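Below are the chains, spelled out letter by letter.
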Amino acid sequence: MKNRDIGGVPVSAIGLGGMPMSIEGRPDEARSIRTIHAALDAGVTLIDTADAYHIHADEVGHNESLIAKALASYGGDTSQVIVATKGGHLRPGDGSWTVDGSPEHLREAVDASLKRLGVDAIGLYQFHRPDPRVPYADSVGVLAELLDAGKIRLAGISNANPDQIREANEVLDGRLASVQNQFSPAFRGSEAELNACAALGIAFLPWSPLGGISRAGELGERFAPFEAVAKAHGVSPQRVCLAWMLAKAPVVIPIPGASRPESIVDSIAATDLVLTDDEYAALDAANVRP
Ligand SMILES: NC(=O)c1ccc[n+]([C@@H]2O[C@H](COP(=O)([O-])OP(=O)(O)OC[C@H]3O[C@@H](n4cnc5c(N)ncnc54)[C@H](OP(=O)(O)O)[C@@H]3O)[C@@H](O)[C@H]2O)c1
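Residues numbered from 1 in each chain as written. Predicted model: local features only at pLDDT ≥ 70, side-chain atom pairs only at ≥ 80, totals over all residues. Heavy atoms only, no water.

Participant: I'd love a proper account of the site of the ligand, names of residues and values included.
Facilitator: The environment of the ligand is made up of 29 residues, and the closest members are Asp48, Leu210, Ser259, Arg260 and Ser263. In this structure, Gln180 approaches the ligand through a side-chain N or O atom, which is 3.1 Å from a nitrogen atom. A distance of 2.9 Å separates an oxygen atom of the ligand from a polar backbone atom of Gly212. Taking 910 Å² as the accessible area of the ligand by itself, protein coverage stands at 90%. With respect to the pocket detection grid, the ligand is positioned in the largest pocket. For the shell around the ligand, the element with the most residues is helix α10 (residues 261–268), which contributes three residues. (Near = heavy atom within 4 Å. Polar contact = N/O pair within 3.5 Å; in protein donor to acceptor, adjacent residues only side chain to side chain. Areas by Shrake-Rupley, 256 points an atom, 1.4 Å probe, with all protein chains shown as cover. 1 Å grid on protein atoms, 1.4 Å probe; cavity = no way out; pocket = protein on both sides within 12 Å on 5 of 7 lines; lining within 4 Å. Sits in = over half its atoms within 2 Å of the grid points. Helix = DSSP H or I, 4+ residues; strand = E, 2+ residues; numbered from the N terminus.)

Participant: Quick rundown of the layout of surface pockets? Include the residues and the values.
Facilitator: Its boundaries defined by the atoms lining it, the largest pocket holds a volume of some 790 Å³. Considering the residues around the largest pocket, the lining is formed by 36 residues, among which Met19, Pro20, Gly212, Ile213 and Gly257 are closest to the centre. Top contributing element to the lining of the largest pocket by residue count: α10, with four residues. Per-class residue counts for the lining of the largest pocket are 12 nonpolar, 17 polar and seven charged. Space inside the second largest pocket adds up to approximately 290 Å³. Along the wall of the second largest pocket there are 17 residues; nearest its centre are Thr78, Val81, Ile82, Val83 and Val119. Elements with a minimum of two residues in the lining of the second largest pocket: β2 (9–12), α2 (62–72), β5 (82–87) and β8 (122–127). Ranked by residue count, the leading element in the lining of the second largest pocket is α2, at three residues. Across the lining of the second largest pocket, the residue classes tally to 12 nonpolar, four polar and one charged. (Points joined across faces, edges and corners; volume = space filled by probe spheres on them. Nonpolar A, V, L, I, M, F, W, Y, C, P; charged D, E, K, R; others polar.)

Participant: Let's hear about the sheet that holds β8: which residues, and what values?
Facilitator: Spatially, seven strands are ordered β3-β4-β5-β8-β9-β10-β11 in an open sheet, and the strand pairing comes out parallel. Both outer strands of the open sheet, β3 (16–17) and β11 (203–207), are each paired with one neighbouring strand and no more. Where strand β9 (residues 152–158) lies against strand β10 (residues 176–182), four bridges are found, and the strand directions are parallel. If you follow Ile157 over to β10, its bridge partner there is Val179. Along the sheet face, helix α3 (residues 103–117) touches β5, β8 and β9 and points at about 145° away from the line of β8. (Pairing = 2+ DSSP bridges. Contact = heavy atoms within 4.5 Å. Axes fitted to C-alpha atoms, helices over the stretch in contact; angles between N-to-C directions.)

Participant: How would you summarise the confidence of the model for the protein if you had to cite specific residues and measurements?
Facilitator: In the predicted model, the protein carries a mean pLDDT of 97, and the fraction of residues at 70 or more is 100%. For the protein, per-element mean pLDDT is lowest for helix α7 (residues 219–222), which scores 96, and highest for strand β4 (residues 46–48), which scores 99. (pLDDT = per-residue confidence, 0-100.)

Laid out in structure tokens, this is it:
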């Protein structure tokens, strides 16, 4: 498995996104544990989660607890695994997603995540989504506090625009380690953030890199060049998509979600797929089929 780094800490170039194992449509726990173990077997050392990956109001942190359980029951070495979690997004239990970026909430949220993950320090803690009611510097300021207190090893933000990336990096005195934004063939709107991260040497973690849980399977049908390049290499369009992202910049670390071992094992192999310049250009220009 090839490595990239987040704030100087090496992680596998492809991470595992935990969301499909805890929100609507999730599999039973045994299959989720098999999926996480398969990722670890294949060399994954980055697992993305959030306290908000759950369905019902009384199971906040479902995905964090699941990942902690899978790590604890894994037979091999997990000392190099970074669990990247997030706070500031909430699911009240009616299917909606709300935000609370207040310092009070974030301080409580990180303590609860530490407990669920069973660690003294969280590998990467990300402020999940800006809260329009709270000045951005106040929310991100909590990450600085947490770094100084040793409760988190690395600080990141998510769903941020280029101004917020620069502001966060200033508030953190240059210690902003990662930005997690939506980015996929179907959603290219974060190219400016990706480029800002490449210029600043900050890791960029594309979320829903395959187009999201419900549409990931249709990637090849929707984008002809991804299907054509996949056929030429005898691999899946999803693997081609992840290889295309990795080729964009050395700071890019996609975190494809999975709820089946086969999905994450297939995705990880993208680190070994080399695209020609012509293939890269064709993928970069791909538009959804009319
Ligand atoms: N920061 C944010 O606001 C935010 C928002 C959304 C997501 N995220 C994070 O980003 C991660 C990824 O996004 P996502 O899960 O929404 O969408 P995604 O990665 O675009 O798609 C996930 C789906 O892709 C399928 N898949 C994965 N690898 C595959 C392969 N090689 N071939 C065929 N199908 C494959 C999986 O199917 P199976 O389920 O059948 O395995 C999975 O359900 C999430 O898990 C979460 O950690 C963050």
